There are 2 protein chains.
Amino acid sequence: MTRTVIAQPLTAEAFAPFGDVLGVSGSPDKIINAGRCGRFHDRARLDFGPEGRAGISIFESKAVAFPVEVDLVERHPEGSQAFVSMTGHHFLVVAAPDEGGRPGTPQAFVAAVGQGINFHRGTWHGVLTPLHEPGLFAVIDRIGETPNLEEYRFETPYRVEPGPDVVEAGLIEAS
Amino acid sequence: MTRTVIAQPLTAEAFAPFGDVLGVSGSPDKIINAGRCGRFHDRARLDFGPEGRAGISIFESKAVAFPVEVDLVERHPEGSQAFVSMTGHHFLVVAAPDEGGRPGTPQAFVAAVGQGINFHRGTWHGVLTPLHEPGLFAVIDRIGETPNLEEYRFETPYRVEPGPDVVEAGLIEAS
């Protein structure tokens, strides 16, 4: 039997167990460029492990549509991984708590335009799931030579559907 | 007398003296996520100096309109600095060669939707100049305690105007 996960709007509070929301919140930490620009400083907990370094890669992914089936999650034991849409589109974010080395029940979030995310090192998460084409993302993650991918396939897939808050927020069109 | 700089579309070749263009070009280095996603791997020369580390900050800047007056450039001796629009808008990029410790004549580029940039460590550049509001950017740069900003004010400002290629490419509307 398929189990259902309801996707909610992405907020820093709800996403805190899994990582950081990249976006403006509160007041800028510093005003720069002769008053023209606010800097929200150092908003992600980056961690590239003892053997790694930071890199910027570009991901180009096919888009998906609700309902989204999630049968596979992965984690990167050696590094954090941040995603920023390069086309200003919202996207689906799936993450799961760790329960004794395996992923627990996933949670799902829809990132709004202007929101990115950073998965903390070792966090179980679904693969990149853009909701619009082109699914073009800047990815700030660990560059290194040692293994950095662990995958887990759920015996019974989860089916992710948008919650009413997501529809109301205009993050997807109602079907 | 004001001097004019013609902004051209951003290409990796033209921008190479100043930094990296972040975007898809050529074939992906790796296909991931069960064939659904291409990874263009490690596309920026990041350098955060001996005392720094990588961070992700958010910049929110007022937009500008052509013609854009450039009287100030800056550089970061301790680190590279990358900019990705979080709203999928194009933006103006101004950079200048170093000539004996001072900036030479600036060059100007318009980044298309889906293009980001990474200024190499120590490169003279103009401040962030979004061409659309909200001017929301993910900035990957150096986090550290030691000074990392050098500014230079031109005695005579430059006036940046869009070239015909920029208008033809649809990067701005013709005035």
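Reading the values: rules and limits
Residues numbered from 1 in each chain as written. Chains lettered and ligands numbered in written order. Predicted model: local features only at pLDDT ≥ 70, side-chain atom pairs only at ≥ 80, totals over all residues. Heavy atoms only, no water. Buried < 20%, exposed > 50% of the residue type's maximum accessible area, 1.4 Å probe, protein only. Helix = DSSP H or I, 4+ residues; strand = E, 2+ residues; numbered from the N terminus. Pairing = 2+ DSSP bridges. Least-squares fit on C-alpha atoms with pLDDT ≥ 70 in both. Contact = heavy atoms within 4.5 Å. Core = buried A, V, L, I, M, F, W, Y, C linked by side-chain atoms within 4.5 Å. Salt bridge = Lys/Arg side-chain N within 4 Å of Asp/Glu carboxyl O.

Right, let's get into the pairing of strand β7 (residues 81-85) of chain A. Residues in a regular strand project their side chains so that they alternate between the two faces of the sheet. All names here are of chain A. With five of five residues buried, β7 is to be regarded as a mostly interior element. Of the two faces of β7, the one lined by Gln81, Phe83 and Ser85 and the one lined by Ala82 and Val84 are each fully buried. Where β7 lies against strand β15 (residues 135-143), five bridges are found, and the strand directions are antiparallel. Across the sheet, valine 84 pairs through a bridge with alanine 138, a residue of β15.

What follows is about the relation of the copies chain A and chain B. Mapping between the two chain copies consists of a rotation about an axis together with a translation along that axis. Expressed as a screw transformation, the operator carrying chain A onto chain B has a rotation angle of 180° and an axial translation of 0.0 Å, and the superposed copies differ by an RMSD of 0.0 Å. On this basis, the relationship between the two copies can be described by a two-fold rotation axis. For chain A, the minimum C-alpha distance to the rotation axis belongs to glycine 88 of chain A and amounts to 2.1 Å. The share of interface residues of chain A whose copies in chain B are also at the interface is 100%, consistent with both copies meeting through the same surface.

Residues and elements named next belong to chain B. By the secondary structure assignment, phenylalanine 15 is in helix α1 (residues 12-15). A residue is classified by how much of its surface remains accessible, and phenylalanine 15, at 0% relative accessible area, is buried. Spatially, the C-alpha atoms of phenylalanine 15 and phenylalanine 109 are 8.1 Å apart, while their sequence positions differ by 94 residues. Leave out the neighbours within four places in its chain, and phenylalanine 15 touches Leu10, Asp20, Val21, Val93, Ala95, Phe109, Ile117, Asn118 and Phe119.

Right, let's talk about the nonpolar core for a bit. The biggest cluster of nonpolar side chains holds 28 residues, and the ones touching the most others in it are Leu22 and Ile56 of chain A together with Leu22 and Ile56 of chain B. Contributing elements (two or more residues each) for this core: β5 (53-61), β7 and β15 of chain A together with β5 (53-61), β7 (81-85) and β15 (135-143) of chain B. Formed by 20 residues, the second largest nonpolar core is a distinct cluster that contains Val64, Phe66, Ala108 and Tyr158 of chain B.

A few words now on the pattern of salt bridges. This structure, assessed with the given rule, holds 17 salt bridges over all chains. With its nearest N and O atoms 2.9 Å apart, the salt bridge here joins aspartate 141 of chain B to arginine 39 of chain A. Taken together, the residues span two chains, with aspartate 141 of chain B in strand β15 and arginine 39 of chain A in strand β4 (residues 37-40). For the pair aspartate 141 of chain B and arginine 39 of chain A, a shared accessibility class is recorded, and that class is buried. A salt bridge links aspartate 29 of chain B to arginine 43 of chain B, with the nearest nitrogen and oxygen atoms 3.1 Å apart. Of this pair, aspartate 29 of chain B sits in the loop between β2 (19-22) and β3 (30-32) while arginine 43 of chain B sits in the loop between β4 (37-40) and β5; the two residues are 14 residues apart in sequence, bridging distant segments of the chain. Judged by relative accessible area, aspartate 29 of chain B falls into the partly exposed class, the value being 47%. When its relative accessible area of 23% is taken as the criterion, arginine 43 of chain B is described as partly exposed. Through salt bridges with shared partners, a single ionic network connects Arg75, Asp98 and Glu150 of chain A.

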